[in-house]
There are 2 protein chains.
Amino acid sequence: MVIAIDMMGGDFAPLEAVKGVLQYFSQENAPAYLTLIGDQSTIQQLLTENNVSFDRVKVIHADQVIGMHEHPTKALKEKQQSSIAIGFQLLASGKADAFISAGNTGAMLVGTLFIIKALEGVLRPTISTIIPKENGGTGLLLDVGLNADCKPEQLNQFAVMGSIYAQLILGIDTPRVGLINVGEEEGKGNLLAQAAYPLLKENKQVNFIGNIEGRDILMDKADVMVCEGFTGNILLKFAESLYEVSQKKQIKDEYFERFNFETYGGTPILGVAKPVVIGHGISKAKAFRNMILVAQKMLEKDVLGKMKEALQ
Amino acid sequence: MVIAIDMMGGDFAPLEAVKGVLQYFSQENAPAYLTLIGDQSTIQQLLTENNVSFDRVKVIHADQVIGMHEHPTKALKEKQQSSIAIGFQLLASGKADAFISAGNTGAMLVGTLFIIKALEGVLRPTISTIIPKENGGTGLLLDVGLNADCKPEQLNQFAVMGSIYAQLILGIDTPRVGLINVGEEEGKGNLLAQAAYPLLKENKQVNFIGNIEGRDILMDKADVMVCEGFTGNILLKFAESLYEVSQKKQIKDEYFERFNFETYGGTPILGVAKPVVIGHGISKAKAFRNMILVAQKMLEKDVLGKMKEALQ
């Protein structure tokens, strides 16, 4: 398998990306070949300095970089020689099997949706986030911002895609799906949640446990937590701020350390034809290594193939 | 001023309610006369035992109690002799100027909306919550659940009502109003947020600072944070769970103590004709005292009159 990496994306590129590559290869199980996209001489020099062996690594030169604050559509169109544009070319042409970047999130989303496209049968792709559970477990929250307005059928599909991801990547058997809502009883909620509930209840492909409330999100209630991307995005960023708060207050608790999302290694876009993993701008070596691992697992377990099968 | 109190509402009624009354009168500035509604002999005995003087207190007997889990509309209709029903009768007839309860929230909302009714000019009343800010300050989040689906004009009114409350009750001069959204720039968001933004921007009655994100909610960015009741309710309950988490993890930080919402003393319903304050079911003495103080301040500062004026 070949995983392409945008070496120029993120606040600490390309050094931390190189270190992430090194961390990846220093593991026992590192079956992927990596295609590193970016400024060739800089990357090669960093590889040499960091003693990364060249036999599993290929460097492809990119003349341009899409900045973190550039307009996504415009930049992707105009900067054909950027590391992100080249990554999508490699992925679309089959020269890479997955693509990873911690660069301009918008450009990554635009490239994924318009160059790689949605899986057949998927109404709208979605992005998710890991939610650290108070009991030490891990939950999945989706959508976290790709779809600010949703239809009930989309939430139903998010539940299926989230369940497959939770099972195959997070290793949760028969993940419990909860619909994020303002009350526990069926019939509660806004119009969207009211309409999504019966769809989820009748969906044989998921283990639907009913509505969950805001107070259940950090608790061991549901593994896959479904909502539209407006609420999900606000919850994600609220959760991220807990790490910042714990740092400011000098609260040394490992639970709050887990809200440091930079360590998780990025969010795959679910429901698209090929694995694309988007990392946080502040990604460091560990995050890059984890992103490579997520892409590797998604390929090994054919996560997207399973989603296609389930939603056709 | 006469404040009516449902002595039978909440998990620790009527003892903690009596203690709250005692705490209220042990302050220097306690101008209100209190009408205590509930089981007369029990309350009178508790008043005597706790040395509450009778000259500023009147007890009105209620034969019935609406349980915490009864159906709100049905219970309020059928239990005319319940403490909550009697409270609304006193308020509606002018025998009380404000009404407080830590009992069945649904019944309190139904009573407020259908017996007391919305202020003239108010599209929909709203409930808010205090949000402890990381820097020690206090923010106001609204709506937190009364209106799961909203129109842009409602969010615009929430901003006005929230600003008046923040100024007169929380003592924040020219409160900064933020629209909770998925990004900072104008044009971001779901259809509701996109449509609400220009209304807020042009609203001369509020100090609108633009969109705020999930990461800004605990930070010193906006004082009044506006969203529909779906997102707001989920955020409120998520925030409440932080206290639970900090207890479980034995994190002794006074910031997380502030997420113990039972100490705040209830949420007034904004945009209704008369002050109604709804407390948490787990309210103890301090919470009851604080609820009385909120009602007192709302009357002293004519908060609802100011809202009516602003929204006509």
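Keep in mind it's a predicted model, so treat the numbers as computed, not measured.

**What to know about the interface of chain B and chain A**
Okay, so step 1: Across the boundary between the two partners, chain B contributes 37 residues, which contact 37 residues of chain A.
Okay, so step 2: Each partner contributes to the roughly 3,600 Å² buried at the junction of chain B and chain A, and carbon and sulfur atoms together form 71% of this total.
Okay, so step 3: At the junction of chain B with chain A, the criterion picks out 8 salt bridges.
Okay, so step 4: A salt bridge links E134(B) to K248(A); the shortest N-O distance between them is 3.4 Å.
Okay, so step 5: The interface formed by chain B and chain A contains 11 residue pairs in polar contact (both at pLDDT 80 or more).
Okay, so step 6: With 15 residues, helix 8 (residues 229–248) of chain B is the single largest residue contributor to the side of chain B that touches chain A.
Okay, so step 7: The residue makeup of the side of chain B that touches chain A, split by class, is 18 nonpolar, 8 polar and 11 charged.

**As for the sheet that holds strand 9 (residues 224–226) of chain B**
Residue and element names in this part refer to chain B.
Okay, so step 1: Taken together, 11 strands build an open sheet; the order of strands is 3-2-1-4-11-10-5-6-9-7-8 and the sheet is mixed. Each edge of the open sheet carries a strand with a single partner, namely strand 3 (57–61) and strand 8 (207–212). Strand-to-strand twist in this sheet, taken as the mean axis angle between neighbours without regard to direction, amounts to 25 degrees.
Okay, so step 2: Summarising the sheet, strand 1 (residues 2–6) and strand 4 (residues 98–101) pair through 3 bridges and their orientation is parallel. Counted as the bridge partner of A4 is F99 from strand 4.
Okay, so step 3: Docked against the sheet, helix 6 (residues 152–168) engages strand 5 (126–132), strand 6 (138–142), strand 7 (176–180), strand 9 and strand 10 (267–270), running at close to 160 degrees with respect to strand 9.

**Looking at the relation of the copies chain B and chain A**
The relation between the two chain copies is a rotation about an axis coupled with a shift along that axis.
Okay, so step 1: Between the two copies, chain B and chain A, the superposition gives an RMSD of 0.1 Å; the rotation angle is 180 degrees and the shift along the axis is 0.0 Å. Here the two chains are linked by the operation of a two-fold rotation axis. For chain B, the smallest separation between a C-alpha atom and the rotation axis is recorded for T231(B), amounting to 2.8 Å.
Okay, so step 2: A symmetric contact is evident, with 100% of the interface residues of chain B recurring at the interface of chain A.

**So, the sheet that holds strand 1 (residues 2–6) of chain A**
Residue and element names in this part refer to chain A.
Okay, so step 1: In space, the 11 strands of this open sheet follow the order 3-2-1-4-11-10-5-6-9-7-8, with mixed pairing throughout. Each edge of the sheet is formed by a strand with only one pairing partner; in this case those strands are strand 3 (57–61) and strand 8 (207–212). Taken pair by pair, the neighbouring strands of this sheet meet at an average axis angle of 25 degrees, ignoring direction.
Okay, so step 2: Sheet topology note: the strand 7 (residues 176–180)/strand 8 ladder contains 5 bridges and is parallel. Among the inter-strand pairings, L179 is bridged to a residue of strand 8, identified as N211.
Okay, so step 3: Lying on the sheet, helix 5 (residues 105–116) is in contact with strand 4 (98–101), strand 5 (126–132), strand 10 (267–270) and strand 11 (276–278); it crosses strand 11 at an angle near 165 degrees.

**Considering the domain arrangement of chain A**
Residue and element names in this part refer to chain A.
Okay, so step 1: Domain annotation of chain A identifies domain 1 (1–119 + 271–301) and domain 2 (123–264).
Okay, so step 2: On a C-alpha basis, the centroid separation for the pair domain 1 and domain 2 is 27 Å.
Okay, so step 3: Across the contact, 15 residues belong to domain 1 and 12 residues belong to domain 2.
Okay, so step 4: Of the roughly 1,200 Å² buried between domain 1 and domain 2 on both sides combined, carbon and sulfur atoms contribute 67%.
Okay, so step 5: For the pair domain 1 and domain 2, the number of links is 0 salt bridges.

Thresholds applied
- Residues numbered from 1 in each chain as written.
- Chains lettered and ligands numbered in written order.
- Predicted model: local features only at pLDDT ≥ 70, side-chain atom pairs only at ≥ 80, totals over all residues.
- Heavy atoms only, no water.
- Contact = heavy atoms within 4.5 Å.
- Buried area = accessible area lost by both parts, 1.4 Å probe.
- Salt bridge = Lys/Arg side-chain N within 4 Å of Asp/Glu carboxyl O.
- Polar contact = N/O pair within 3.5 Å; in protein donor to acceptor, adjacent residues only side chain to side chain.
- Helix = DSSP H or I, 4+ residues; strand = E, 2+ residues; numbered from the N terminus.
- Nonpolar A, V, L, I, M, F, W, Y, C, P; charged D, E, K, R; others polar.
- Pairing = 2+ DSSP bridges.
- Axes fitted to C-alpha atoms, helices over the stretch in contact; angles between N-to-C directions.
- Least-squares fit on C-alpha atoms with pLDDT ≥ 70 in both.
- Domains from an automatic or database assignment.

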